[in-house]
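The lines below spell out each chain.
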Amino acid sequence: MTLTPDYSQWQQRDELDLLHIDAPFGQALIARQGAQLLQYQAHGQSPMLWLSPLSRFQRGKAIRGGIPLCWPWFGAHPNDSSLPQHGIARQLDWTLQQAEVTPQGASLHWQLQDSDASRALWPHPFRLELHMQLGTTLRLTLTMHNLDDRPLTTSHALHSYFPVPQVAQATVDGLDGCSFYSKPDQQSGQQQGPVTIDSLLDRVYLNAPDTLTLHRPGLPALQLRSAGLHSAIVWNPGPGAEPHIPDVGPHWSQMLCVENGNALDNSLTLPIGGSHQLRLEIAEQSVAC
Ligand SMILES: O=P(O)(O)OC[C@H]1O[C@@H](O)[C@H](O)[C@@H](O)[C@@H]1O
């Protein structure tokens, strides 16, 4: 494993281990818990991800920002509400298997395998491999393996938080015509034109295209290109976040989640011994993916 001390170092923040990368190509902050990329800024670009200034760094508790990985279920567990929202992968420690950080970029291979901690919540053998490539663009590749002796049905998402100067002025392009399920009013609908956000918005779009664009006046647009991910989730908690989501609080208008996943009817079933690979690449629009 090549972790050049010149460019990277582990730090402790409250209860969690964070890997801080500071190299000529850019800066990043990654939590071992969840293999969660928390911050990323390529040289000469603006910060790509939003990390809440009110986020807590507690063992077993989700960190509010960056790109948490929701797996093996997205949202509430389908039939046991005592299980953690968005699955178990974001609250467990991953292993950094291999890492290379050079002046031009970083390549980090993380792995999560079932353990006593995972089986206490979800009694199934599995392996997840997450490859992070940091450079001018950001690329995440996740491979999930079903090691169980029965098929595994999973919903999941790369739950990206993006900074926006004013969420009311942000728009998401690419979902025109897609059908969606709106969680707050439990209604289905069909998107007309770009997605705009004027209050609480929490929608799962089905059969979403591979390319989405987040426009945010005052900051460069971001292009999200994905493979193997067929749902898009757009979430902003609106002003009601203040009492209910204390680690977002008054900052709700400065962030927007545009998540790529496989949820609801896009959930997928891995056969015994089966695998699925998915990829997400995020770039400022002036930079080719
Ligand atoms: O607070 P959490 O568990 O990180 O979830 C945040 C949000 O995540 C979104 O993906 C969901 O669609 C929302 O319903 C949810 O509120």
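Keep in mind that what you see is a predicted model, and the values were worked out from it rather than measured.

The rules we used
- Residues numbered from 1 in each chain as written.
- Predicted model: local features only at pLDDT ≥ 70, side-chain atom pairs only at ≥ 80, totals over all residues.
- Heavy atoms only, no water.
- UniProt positions renumbered as here; feature names shortened; annotations may be inferred.
- Helix = DSSP H or I, 4+ residues; strand = E, 2+ residues; numbered from the N terminus.
- Buried < 20%, exposed > 50% of the residue type's maximum accessible area, 1.4 Å probe, protein only.
- Contact = heavy atoms within 4.5 Å.
- Near = heavy atom within 4 Å.
- Polar contact = N/O pair within 3.5 Å; in protein donor to acceptor, adjacent residues only side chain to side chain.
- Areas by Shrake-Rupley, 256 points an atom, 1.4 Å probe, with all protein chains shown as cover.

1. A closer look at the UniProt feature "active site" (unreviewed entry) in the chain
The UniProt entry lists His159 and Glu259 under the feature "active site" (unreviewed entry), expressed in the numbering used here. These annotated residues cover 101 residues of sequence, and their C-alpha atoms all fall within 4.6 Å of one another, placing them together at a single site. When you line up the elements, histidine 159 lands in the loop between β11 (156–158) and β12 (161–163). Residue histidine 159 is classed as buried on the basis of its relative accessible area, which comes to 3%. If we skip the residues at most four places from it in the chain, histidine 159 touches Gly66, Ile67, Pro68, Cys70, His86, Trp235, Cys257 and Glu259.

2. As for the site of the ligand
Close to the ligand lie Arg64, Phe74, Gln85, His86, Arg90, His159, Lys183, Asp202, Ile233, Trp235 and Glu259. In the environment of the ligand, an oxygen atom lies 3.0 Å from a nitrogen or oxygen atom belonging to the side chain of arginine 64. Separating an oxygen atom of the ligand from a side-chain N or O atom of glutamate 259 is a distance of 2.8 Å. Considered on its own, the ligand offers 390 Å² of accessible surface; in the complex 84% of this is hidden by protein.

3. Describing the UniProt feature "binding site: substrate" (unreviewed entry) in the chain
According to UniProt, the positions carrying the feature "binding site: substrate" (unreviewed entry) are Arg64, Gln85 and Arg90. What stands out for the annotated residues spanning 27 residues is how close their C-alpha atoms remain, the widest pair being 13.4 Å apart. Counting through the fold element by element, arginine 64 comes out in the loop between β4 (36–42) and β5 (69–70). Aside from chain neighbours lying at most four places away, what touches arginine 64 is Trp50, Leu51, Ser52, Ser55, Tyr161, Trp235, Ile245, Asp247 and Val248. At a separation of 2.9 Å, a polar atom in the side chain of arginine 64 contacts the side chain of tyrosine 161. Among all residues touching glutamine 85, those that are not within four sequence positions of it are Trp73, Gly75, Ala76 and Arg90.

4. Considerations on unusual backbone geometry
Residue proline 72 follows tryptophan 71 across a cis peptide bond; omega there is 0 degrees. Examined against the element boundaries, proline 72 turns out to sit in the loop between β5 and β6 (95–101). Of note, the phi angle at aspartate 14 is positive, near 50 degrees, even though the residue is not glycine. Mapping aspartate 14 onto the fold places it in the loop between β1 (8–13) and β2 (16–23). Residue aspartate 14 is classed as exposed on the basis of its relative accessible area of 60%. Unusually for a residue other than glycine, leucine 264 sits at a positive phi of about 45 degrees. Mapped onto the elements, leucine 264 comes out in the loop between β21 (255–262) and β22 (268–270).

5. Observations regarding the side chain of aspartate 148
Position of aspartate 148 among the secondary structure elements: in the loop between β9 (138–146) and β10 (152–154). Looking at aspartate 148, the relative accessible area reads 11%, which means it is buried. If near-sequence neighbours (up to four positions away) are discounted, aspartate 148 is found in contact with His124, Pro125, Ile272 and Gly273.

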